[in-house]
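# Topology and contacts: notes
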Amino acid sequence: MSEATERPAPDADAWADACAEDLAAEKERRRAQYGTPPGSAAEELRKLFEAVSDKVGGLFAGPAGLSGLAAHGAVQQLISQAKSAVEPVIERNPEVFDHLAAAGGELLAAYRSAVERHERRWTAADDAKRDEGPGPAEHIDLD
């Protein structure tokens, strides 16, 4: 055979490469459309601590005098202590927070289910009362 008619050897990973490219393009499209997806529960907890400390720091940033400075220092110390207590736990066990977040979601779903079931029962009882008409103790005057 001549070199012009010979085909190159098929790439064994061509399908995997194409799938990876498609997945990356889809992720980029979703990121552009919806923004950055939330991180793990541990990352979100870190962000919460940072946001709270920034907000509290902003509350005391004005001209508040000596008492405002003392309160600001006390609050900042409290936040830094809480952050230093939680940070090692987050570092050692980040998956714990993911499990806790999932458990919270399951508890919320269970609560919703229970409330919806009771609401259906209550509304069904009201519908049955309306459909029955007047009860035996009611007197209807036909005059």
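In the block above lies the structure referred to throughout.
Residues numbered from 1 in each chain as written. Predicted model: local features only at pLDDT ≥ 70, side-chain atom pairs only at ≥ 80, totals over all residues. Heavy atoms only, no water.

## Brief notes about the overall build of the protein chain
What the protein chain contains, in helices and strands, is 4 helices and 0 strands. Ordered by position from the N terminus, the helices and strands of the protein chain form the series α-α-α-α. By residue count, 6% of the 143 residues in the protein chain fall in the buried class. Contacts in the protein chain between residues at least 24 apart in sequence constitute 57% of all its contacts with a sequence separation of at least 6. (Helix = DSSP H or I, 4+ residues; strand = E, 2+ residues; numbered from the N terminus. Buried < 20%, exposed > 50% of the residue type's maximum accessible area, 1.4 Å probe, protein only. Contact = heavy atoms within 4.5 Å.)

## Quick notes on a nonpolar patch on the surface
Where nonpolar side chains cluster on the molecular surface, the patch consists of Leu108, Tyr111 and Val115 and spans about 280 Å² of accessible area. Considering the arrangement of structural elements, one finds Val115 in helix α4 (residues 94-132). (Patch = residues over 30% accessible without salt bridge, like charges linked within 9 Å, V, L, I, M, F, W, Y side chains within 5 Å. Areas by Shrake-Rupley, 256 points an atom, 1.4 Å probe, with all protein chains shown as cover. Salt bridge = Lys/Arg side-chain N within 4 Å of Asp/Glu carboxyl O.)

## As for a negative patch on the surface
On the surface, a cluster of negative charge is contributed by Asp11, Asp13, Asp17, Glu21 and Asp22. Mapped onto the elements of the fold, Glu21 is located in helix α1 (residues 14-34). (Lys, Arg positive; Asp, Glu negative; His and termini not counted. Charge placed at Lys NZ, Arg CZ, Asp CG, Glu CD.)

## Considerations on α1
For the α-helix, the turn length of 3.6 residues means that residues three or four positions removed from each other point alike. When the terminal C-alpha atoms of α1 are compared, their 30 Å separation across 21 residues agrees well with the 30 Å that a helix rising 1.5 Å per residue should span. Just beyond α1, the residue with positive phi is Gly35, at close to 90 degrees. (Expected span 1.5 Å × (residues − 1).)

## Let's talk about the pattern of salt bridges
In total, this model carries 6 salt bridges according to the counting rule given. A salt bridge links Lys47 to Glu44; its shortest N-O distance comes to 3.5 Å. Note that Lys47 and Glu44 are positioned in helix α2 (residues 41-59) at a spacing of 3 residues, about one turn of the helix. With a closest N to O distance of 2.9 Å, Glu87 and Arg46 form a salt bridge. Here Glu87 is found in helix α3 (residues 65-92), whereas its partner Arg46 is found in helix α2, with 41 residues between them in sequence.

Interpretation note: all reported values are geometric properties and have no functional meaning in isolation.
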